[in-house]
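# Reading the structure
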Amino acid sequence: MQVKDARFIDEEGKVLMLGNEAIVRGCLEAGVSFAAQYPGTPTSDIGETFQRLLREQPELNDFFVHHWAINEAVAASECAGAAWTGCKVLNPMKHVGLNVASDALSVIALNGPNPGAMVILIGSDPGSLGSHQEQNERFYTWMFHLPCFEPHTPQECKEWVKLAFELSEKYDTIFEIRTSTRSAHSRGYVELGKLVKGKAKGKFIRNIPKYNSLPPHAINNHIRLYERIEKIREIIPQLKINVIFPGGNKIGVITSGMPFGYTMEALNQLGLNDVPILKLGLIYPLNYKEITDFLQKLEKVVIIEELEPFLEVKIAEIAHNHKLDVEIIGEKYFPKYNEYSTGLVATCLAKIFNKKPKEQMSKAIDYFNSYKEIIPSRFPTFCAGCPERATLYSILKATNQLENTVICGDIGCYVMSFFPPQECSDLIICMSGGISAAIGMSTKTDQKVVALIGDSTFFHTGMPPLAEAVGYNSNVLLIIFENSWTAMTGHQNDVLRYLINQGFSIEKICKAIGVPWLKVEDSYNPKKLTRTIEQALETYGLKVIIIKRECALQAHRWRMNQIRALKEQDKKIQEVEYFIHGCQMCYDCARVLSCPAIRRTEIDGFESMQIDQDRCIKCGVCYEICPNGAIHKTIFNALDTEVGWREI
């Protein structure tokens, strides 16, 4: 029986929620009826929560739809289409996803979401905790005129998403909620409100000047957007989301979002309890009077914000335009990279206020930093049995450790390929950037050029550059990892799964596009794959190798479930075990394949490699590649039921 999560059913009380869960709850209280997104940390679990609720509460399917879109631009346009029928729509994405969506959003923002409402949810990632860069996407709010809330607590996440939908509908403007990895995944108590059923169906009403932003309507829509922003700027004080914490100090602070929490703790630790603070809930646009009223009593104001000086620039501009004699302090003391912490903010504020940090705080920072020496650092690594790890092994072998070879990496689990010991990616740009870079590179070098791409990224944005590579017959080897999951973001049951279930085939797509040289291989047969890669690199022109092998995590889970089910039926199962005996310590399994289930140990006074049986998933790749035959395979119950790997 499906257990329902009462936090998304009850209409009163306080419950503990993550920031992302509070966003979902706010949508249900706002009457949202459509959401579309491509998974990406830290926003993936918004979609996962919606999907779970649709399973737990089938009645939601009567009016609510959630799509795992093929990419962020498609998701944004889907949301716009639903909004233009009169529905309220949510469009979550991670910060770099906004780059992909920007082409569509730049026009949709001009058009406006009416008769419905549209809110985009951007999950930023200061510190690159789950991203390939920590881009400060707040500057898009200036470019596209997206009024932007930046909540600090889960309660604010819930309330402000409701407010954003209300204002979006009223002012025909896309609103943005900006969270960060910390605010999205931090827990806090949330006061529940009344649930509102969204529109099951709407109706599109033709309005060519509004929905066709081409000359002459583009200029008119641009003017209309400026008018809407100015109206929103005027009503900001009425929203009561920007809060002043009064104080008599002549140095004040302006901050927002997660840095606000760090600031309050830091000031308390420094004993600076008289510092006036302006906590901004809406970081764009800014109400000029609110800012000038706060600034005019101060000699200095400290802007505390993560990454580039977004607020600092605008507040300095307001101070200059209003001829206020106040010093704006920000990037001079605070770093423009990495995420902040209470200790970092306190250290910077201590310099500004000429205060010596309390001994307790200094000890706390030293204690925290001491763990860097106690806990051994390690690079992120592939899971035991990962088919991508085995493919990298074959690439290294086929190219003689990348001799005269360039590897153009991409976004997926295989981003880890640039870490030691493989060091098998020379560049990573963005999703499908690997094959695009490879096309250009192959025209200007005689080196062998290999590009990597995953199946989800292939559908996301990979087909256009593949078509270009076919058109120019680029001298590139493209390796497509087809593991049947969007694995890097948490195995969402997304559009990739629906495509697979409907019989879509990357192989057929490659043939349809016109790929001249195409092979399908299995990374669990590394010797054959190595020979195929060697053959491909000796052939001029575009070559594509599709590696078909399911993500090891999901494959192992499925296989173990099958084994458990058979054992419950009292059936004997054939079992396989790999062990090492007679190891020559060549380190091929540890430094080239680098499987985390294999470690160095000492047996009877002799060094040897050993397989950690509780981590090994029995993929057998190490057995296949050991050059000295030191890895042995034993089959128990050989005549009984064999449970193999799931075919994809």
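All values reported here derive from a predicted model rather than from experimental measurement.

On to the domain arrangement of the protein. Domains assigned within the protein are domain 1 (13-239), domain 2 (243-370), domain 3 (387-554) and domain 4 (571-647). Relative placement of domain 1 and domain 3: their C-alpha centres are 34 Å apart. Every contact between the two is made by twelve residues of domain 1 and, on the other side, 17 residues of domain 3. Summing both partners gives a buried area of about 1,100 Å² for domain 1 against domain 3, and 61% of it is carried by carbon and sulfur. Of all residues in domain 1, the largest losses of buried area upon contact with domain 3 belong to Tyr38, Trp68 and Ile70, amounting jointly to 47% of the total for that side. Across the domain 1-domain 3 interface, the total number found is zero salt bridges. Linking domain 1 with domain 3 are five residue pairs in polar contact (both at pLDDT 80 or more).

Looking now at the sheet that holds strand E17 (residues 477-482). Taken in spatial order, the five strands of this open sheet run E15-E16-E17-E19-E18, and their pairing is parallel. The open sheet has two edge strands with one neighbour each: strand E15 (405-408) and strand E18 (518-521). In this sheet, neighbouring strand axes are inclined to one another by 20 degrees on average, regardless of whether the strands run parallel or antiparallel. Relative to strand E16 (residues 448-454), E15 runs parallel, the two being bridged by four bridges. Each residue of the ladder has a partner; that of Thr405, found in E16, is Lys448. Strands in contact with helix H20 (residues 526-537) are E16, E17, E18 and strand E19 (543-548); relative to E19, the strand with the most contacts, it is inclined by about 165 degrees.

Consecutive side chains along a regular strand alternate between the two faces of the sheet. Most of strand E13 (residues 300-304) sits inside the fold, with four of its five residues counted as buried. In this structure, strand E10 (residues 251-256) lies alongside E13, joined through five bridges in parallel fashion. When the sheet's bridge partners are listed, Ile254 is paired in E13 with Ile303. In this fold, the crossover linking E13 to strand E14 (residues 327-329) by way of helix H12 (residues 310-321) has right-handed handedness.

To continue, consider the sheet that holds strand E11 (residues 277-280). The five strands lie next to each other as E9-E11-E10-E13-E14, forming an open sheet whose pairing is mixed. Each edge of the open sheet carries a strand with a single partner, namely strand E9 (243-245) and E14. The sheet shows a mean angle of 20 degrees between the axes of neighbouring strands, direction not considered. With respect to the sheet, H12 is in contact with E10, E11, E13 and E14, its orientation differing from that of E14 by roughly 175 degrees.

Rules and cut-offs
Residues numbered from 1 in each chain as written. Predicted model: local features only at pLDDT ≥ 70, side-chain atom pairs only at ≥ 80, totals over all residues. Heavy atoms only, no water. Domains from an automatic or database assignment. Contact = heavy atoms within 4.5 Å. Buried area = accessible area lost by both parts, 1.4 Å probe. Salt bridge = Lys/Arg side-chain N within 4 Å of Asp/Glu carboxyl O. Polar contact = N/O pair within 3.5 Å; in protein donor to acceptor, adjacent residues only side chain to side chain. Pairing = 2+ DSSP bridges. Helix = DSSP H or I, 4+ residues; strand = E, 2+ residues; numbered from the N terminus. Axes fitted to C-alpha atoms, helices over the stretch in contact; angles between N-to-C directions. Buried < 20%, exposed > 50% of the residue type's maximum accessible area, 1.4 Å probe, protein only. Right-handed = clockwise from strand over helix to strand, strands pointing away.

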